[in-house]
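Residue-level listing of the chains:
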Amino acid sequence: MDDQRDGNAGSVVSESLDGYEDIAVAVTSAVARAAELHPLDLPPLTDVGIDPEALDTLFETTHDPTLSFTFRYAGHLVTLDGGGSLTVGESEE
């Protein structure tokens, strides 16, 4: 996995989706790192209106770089792209 983070709390976390069987696990893990929390301390994705199975369907099998999905989760802005990357940054709301 390719993980990048600067030294500041709430910094951007970027990583490849390769190596994750479930996209929801990748999202939860990356947001937990960005928030400096344990993944189990975060609400389930379904609590914020995100269907984990739909994420898997959209992003596990595609490598279409034009595909992108951005949503807010646990105070962070999460972006998935069809090229196989995940980025988590601070949400401004």
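The structure we're discussing is the one just above.
Worth saying up front: this structure is predicted, and the values here are computed from it rather than measured. The residue numbers shown here count from 1 along each chain, following its written sequence. Given that this is a predicted model, residues contribute local features only at a pLDDT of at least 70 and side-chain atom pairs are listed and counted only at 80 or more, while totals for whole chains, interfaces and linings are drawn from all residues. Side-chain figures throughout are based on the complete set of non-hydrogen atoms in the structure, without hydrogens or water.

1. Things to note about the environment of Glu 21
Step number 1: Structurally, Glu 21 can be placed in the loop between strand E1 (13–16) and helix H1 (23–35).
Step number 2: The cut-offs for exposure are 20% and 50% of the maximum accessible area for each residue type, with area from a 1.4 Å probe on protein chains only; residues under the lower value are buried, those over the upper are exposed, and the others partly exposed. Given the relative accessible area of 68%, Glu 21 is considered exposed.
Step number 3: For Glu 21 and Glu 60, which are 39 residues apart along the polypeptide, the C-alpha to C-alpha distance reads 8.1 Å. A run of H or I in DSSP becomes a helix once it reaches four residues, and a run of E becomes a strand once it reaches two; helices and strands are each numbered from the N terminus.

2. Description of unusual backbone geometry
In most cases, non-glycine residues show a negative phi, while peptide bonds are predominantly trans.
Step number 1: If you check the backbone angles, Glu 36 has positive phi at about 55° while not being a glycine.
Step number 2: Tracing the chain through its elements places Glu 36 in the loop between H1 and helix H2 (52–59).
Step number 3: A positive phi angle, close to 55°, is found at Ala 74, a residue other than glycine.
Step number 4: Within the element layout of this structure, Ala 74 appears in the loop between strand E2 (68–73) and strand E3 (76–81).
Step number 5: The exposure class of Ala 74 is partly exposed, given its relative accessible area of 32%.

3. Quick notes on the pairing of strand E4 (residues 85–90)
Two faces belong to every sheet, and in a regular strand the side chains alternate between them.
Step number 1: Here E1 pairs with E4 via four bridges, running antiparallel. When the sheet's bridge partners are listed, Glu 15 is paired in E4 with Leu 86.
Step number 2: Here E3 pairs with E4 via six bridges, running antiparallel. Among the inter-strand pairings, Val 78 is bridged to a residue of E4, identified as Val 88.
Step number 3: Two strands make a pair as long as DSSP finds a minimum of two bridges between them. Where E3 hands over to E4, the hairpin turn is made up of three residues, of which Gly 84 adopts a positive phi near 95°.

4. A closer look at the packing of aromatic side chains
Step number 1: Only centres within 6.5 Å qualify two rings of Phe, Tyr or Trp (six-membered ring in Trp) as a pair; their planes then separate them into stacked at under 30 degrees, edge-to-face at over 60, and tilted for everything else. According to the stated counting rule, one finds one aromatic pair in the structure shown.
Step number 2: Taking 5.2 Å as the distance between ring centres and 35° as the angle between the ring planes, the aromatic pair formed by Phe 69 and Phe 71 counts as tilted.
Step number 3: Judged by relative accessible area, Phe 69 falls into the partly exposed class, the value being 31%.
Step number 4: The class for Phe 71 is buried, based on a relative accessible area of 7%.

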